[in-house]
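Listed here are the chains, written in short residue letters.
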Amino acid sequence: MTLQENGSPTRAVVLGGGGTVGVAWQTGLLAGLREAGVDLAEAPAIVGTSAGSLVGALLAGGRDVTDALAILAEVGKKLDFDSLGAGSQSFLDASRQAVFAADPRQALRAIGSAAQEASTALTEDDYLGLLGTLDGVAWPAGFRCTAIDTGTGELVVWGEESGVPLLHAVAASCVVPMLFPAVTINGNHYMDGGIVNHLNAAAAPPSDVLVAVSCLPLEAPSGAPGSDRSPSTIKADAEVAQLRENTRVVAVDPDFGDLEAPVKMMDQETAGRAFHIGRRQAEREAAAIRAVWDF
């Protein structure tokens, strides 16, 4: 058992990617959990990927996670429905290309090169401006977020010791290829950390208790063919299964049964509904999380 200095078991939270819908659902879930007496901001380690990096930065920094909804509103003002839909499709295409490639890093380098050459509706400065609420904000202790280096195809994990500004790190983690411009950090370019694995649960430090909040279903419905699943979810499933061997894992994924399938993860209207789904779902998830959070 990995104990903290006070003798209590260590705890970590992982927040996965999932577009604007994922941001809204996670925001509703975390706000609802806090109201139910389960405050995941208490975790010494919080790791975010893509949508989860934005929500995680707010959570770890002691901010109101619903501040993320204002950012979603700004995204909706800057990009129309068709652009967001095209971005969602480009992400799925990139994910399939990388996950099923013989050499995923080579595939990611090709995706990164295409992303850098793509003409996007927003400039890099415009894109960073969407996340202006994080500009100049100190890096929260224990917070980490992921991104992919477009030049090497490698997953990078930044923390407070990295020296990377929080704004740039979170923005890089959220770069949907072809929709948003790659983010420049120290002369290198970075894009969405969730292309191969939307959760990246292994990026969390070793802990006794891990709460994994996934914006995508973590297990295929009974009888559903594997081809219907998100490639990044297949990778996340395998990772979580391995972590369960030595860690008490509580995995929470969305109850989107009332939404039309497949869920359009960049749709602004769906995001509004997802927030309320997350808030309602928190009432059901609180007991299971509390059972391991307080042991």
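Residues numbered from 1 in each chain as written. Predicted model: local features only at pLDDT ≥ 70, side-chain atom pairs only at ≥ 80, totals over all residues. Heavy atoms only, no water.

**Student:** How would you summarise the side chain of Thr 20 if you had to cite specific residues and measurements?
**Tutor:** Examined against the element boundaries, Thr 20 turns out to sit in helix α1 (residues 19-35). Residues in contact with Thr 20, not counting those within four places in the same chain, are Leu 72, Met 265, Met 266, Asp 267, Gln 268 and Ala 271. (Helix = DSSP H or I, 4+ residues; strand = E, 2+ residues; numbered from the N terminus. Contact = heavy atoms within 4.5 Å.)

**Student:** Before we move on, can you summarise the pairing of strand β7 (residues 209-213) with the specific residues and values?
**Tutor:** By the criterion of burial, β7 is predominantly enclosed, with five of the five residues buried. Side chains Val 209, Val 211 and Val 213 project from β7 onto one buried face, and the interleaved Leu 210 and Ala 212 project onto a second face that is buried too. Pairing of strand β1 (residues 11-15) with β7 involves five bridges; the strand directions are parallel. Bridge pairing in β7 links Val 13 to Val 211. Bridge count between β7 and strand β8 (residues 248-252): five bridges; the pairing is parallel. (Buried < 20%, exposed > 50% of the residue type's maximum accessible area, 1.4 Å probe, protein only. Pairing = 2+ DSSP bridges.)

**Student:** Got a sec to walk through the environment of Ala 57? Specific residues and values, please.
**Tutor:** On the secondary structure map, Ala 57 appears in helix α2 (residues 51-60). Linking Ala 57 and Trp 139, residues 82 residues apart in sequence, is a C-alpha distance of 8.1 Å. Discounting residues that sit within four places of it in the chain, Ala 57 has contacts with Pro 140, Phe 143, Leu 166 and Val 170.

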